[in-house]
Amino acid sequence: MITEHPDTPPTALPAPTDNDYRLGADAYTDEQRTAVLARLEGYLGEQRGRFLGYQVNLSLGGHAALGRFLGYHINNIGDPFVDSNYSLHSRWLERAVLEHYARLWHAPLPQDPAHPRDEDGWGYVLSMGSTEGNLYAMWNARDYLDGNALVRDEVSGETSCRTSYIRAEHPDDNPNAYAPVAFFSQETHYSHIKAMRVLDIPTFYDLGGSLYPGECPIDLTGAGTQTYNGWPLGGVPTTGGDEGPGTVDVDALVSLVDFFAAKGHPVLVNFNIGSVFKGAYDDVQGACERLRPVFERHGLIDRSVRFDPDDPERVSVRNGYWIHVDGALGGAYAPYLEKARNADLIKTAPPVFDFRIPEVSSIVTSGHKYPGAPVPTGIYMSRAGSKLRPPSDPAVVSSPDSTFAGSRSGFASLAMWNHLAQFSEEQQVRQAAEVLRIAEYTAGRLRTLSDQLKERGEPWAEDGIEVGHGDHALSVWFQQPRAAITQKYSLACVPLNLGGRRHDYSHIYVMPHVTQELIDELLDDLSRPGAFDRSAEGDAERPRLPGQR
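Now for a look at the structure at hand. For clarity, every value in this text was computed on a predicted model and none was experimentally measured.

**Description of helix α10 (residues 410-421)**
Taking 1.5 Å as the rise per residue, α10 with twelve residues should run 16 Å; its terminal C-alpha atoms sit 16 Å apart, in good agreement. Taken residue by residue, α10 has Gly410, Phe411, Ala412, Ser413, Leu414, Ala415, Met416, Asn418, His419 and Leu420 as its buried positions. Each element contacted by the buried residues of α10 is listed here: α2 (91-104), β1 (121-126), α9 (368-372), β12 (378-383) and α11 (425-456). Between the side-chain oxygen of the N-cap and the backbone nitrogen of phenylalanine 411 there are 3.3 Å, and the N-cap of α10 in question is serine 409.

As structure tokens, then:
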């Protein structure tokens, strides 16, 4: 494992309050400002030492040297491959980071960015996390699938910069030809629901419940799934439901896609590589192999789109599907597990998910999760042949406005580059193998603890505690302990539905900063009497007693 030794946290200070930082008419004195910032630093240092519940790598000691760049406004506004007249940028580092991920995801970068090949990769470093990348991917997918064309209108004889989307005119025999439908599993990150709402992309269950009530092609009997007119709310079911590993049910996905493709709809499918709670890896390659004949059967491969309302003879050849991979965590981690398997450091690796699969259209990952960064950031990458023309071409920027953001954090590219530059590929591979080892160690320790709690009849754990860990996952989930423990270790807490009954879970994410010693400390706390007794918490759901299952 790559180990860094952060400075000893400052002496414990009272936790910050809103009153410490309120801004008024008078300035803070230097002494006041220093004191309240020290209080914030003390709080962050204390929390960092036992931070286990979220997908963030806190091994950030190597970033201290970047403080000298805070005296500059580093802005990568515009396209990363076309320099702007704004000279305070870090595009050289951004392009190096993109080249790194292009190699990792098997996407060739164009030799000449002005004339890329369709299969070449194009992307940019995000200023937000993967939410920005998911939103941009959904926007790109929507426009690609519904044949939107950008036009500039003339109003009262004057050129207007007002833009409008004009959906391609559908063929007479298929009114749904440019009405895409979105598919994603019930383990998918909440940012996808947000993107659907913002972009007005209907999900399969919205459209199915409103237009095709009672016609859902999958059997939901006994699944305990909430439905809307017979369609599963929240996404495609996962394998085994809430009791399963969190991977999408490929049989259900194929049936649902086939249903809507048969009615003429183009399809937008999202897969997860490292899902939010369970860290699950969807079998993207296996699912695409199953979807391929569906796309062929319903004419969704190389269809002609008349996208220009001013010239109906102009035709764009596009597929009627878009496959997006949300690798917010796993996108930057799984490739190293594949290399670790090839080096005989581990026995197996997650399924292939990247641009080696011809159907994959876009991939996103969060840089602050893995490998790690002091600010939210990430990577978006797609195929150049699917990239649509920017909606505007601002002369003031002198670089195409081809990203979601206008101003983009040049510091994010600097931080990403700085982290990646510190470690060789071999070190990254060994780190991936080591964090997986600690995740498996954690799951083993929790299962042993479950047996011990059952044996001694521990209150609220009389039948042991439920423990889950999927293949290659960095997440380990288990019965939620009392609030003092979840707060001490910043554990995320999520209710799951098991057999029609609510079960409250917490999870650990074994990121590179998590040591085996920290896991042992947590297990010591969980083994103490009363660790799972939540009777004093008003909203707690008591687990069933032995014999009640």
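**What about α2?**
Taking 1.5 Å per residue, 14 residues should reach 20 Å; α2 reaches 20 Å between its end C-alpha atoms and fits that length. Burial analysis of α2 places ten of its 14 residues in the buried class, the great majority of the element. Among the residues of α2, those classed as buried are Arg91, Leu93, Glu94, Arg95, Val97, Leu98, His100, Tyr101, Ala102 and Leu104. Here the buried face of α2 lies against β1, α8 (334-342), β11 (360-366), α9, β12 and α10.

**Quick look at the packing of helix α6 (residues 250-262) against helix α7 (residues 284-297)**
Two packed helices can be described by the angle between their axes and the distance between those axes. Running from N to C, α6 and α7 point in directions that differ by 15°, and their axes come no closer than 10 Å. Classified by the angle their axes make, α6 and α7 are roughly parallel. The way α6 lies across α7 gives a crossing that is right-handed. Of α7, the residues touching α6 (which contributes Val250, Asp251, Leu253, Val254, Val257, Asp258 and Ala261) are Ala287, Arg290, Leu291, Val294, Phe295 and Arg297.

**Things to note about the sheet that holds strand β7 (residues 267-272)**
Read across the sheet, six strands follow the order β1-β12-β11-β10-β7-β4 without closing on themselves; strand pairing throughout is mixed. Strands with a single pairing partner mark the edges of an open sheet, and in this sheet they are β1 and β4 (181-183). Strand-to-strand twist in this sheet, taken as the mean axis angle between neighbours without regard to direction, amounts to 15°. Pairing between β7 and strand β10 (residues 321-326): six bridges, direction parallel. Bridging from a neighbouring strand, asparagine 272 pairs with aspartate 326 of β10.

**As for the sheet that holds strand β14 (residues 475-479)**
Strand order in the open sheet formed by four strands is β13-β14-β16-β15, with antiparallel pairing between adjacent strands. Every interior strand has two partners, whereas the edge strands, β13 (467-468) and β15 (492-498), have only one. Here β14 runs beside strand β16 (residues 501-509); their pairing, made up of five bridges, is antiparallel. Within the sheet, the bridge partner assigned to valine 476 lies in β16 and is isoleucine 508. Against the sheet, α11 makes contact with β13, β14 and β16, and its axis sits at roughly 15° relative to β14, the strand it touches most.

Thresholds applied
- Residues numbered from 1 in each chain as written.
- Predicted model: local features only at pLDDT ≥ 70, side-chain atom pairs only at ≥ 80, totals over all residues.
- Heavy atoms only, no water.
- Helix = DSSP H or I, 4+ residues; strand = E, 2+ residues; numbered from the N terminus.
- Expected span 1.5 Å × (residues − 1).
- Buried < 20%, exposed > 50% of the residue type's maximum accessible area, 1.4 Å probe, protein only.
- Contact = heavy atoms within 4.5 Å.
- Polar contact = N/O pair within 3.5 Å; in protein donor to acceptor, adjacent residues only side chain to side chain.
- Axes fitted to C-alpha atoms, helices over the stretch in contact; angles between N-to-C directions.
- Parallel < 35°, antiparallel > 145°, perpendicular 65-115°, else oblique.
- Left-handed = near helix turned anticlockwise from the far one by under 90°.
- Pairing = 2+ DSSP bridges.

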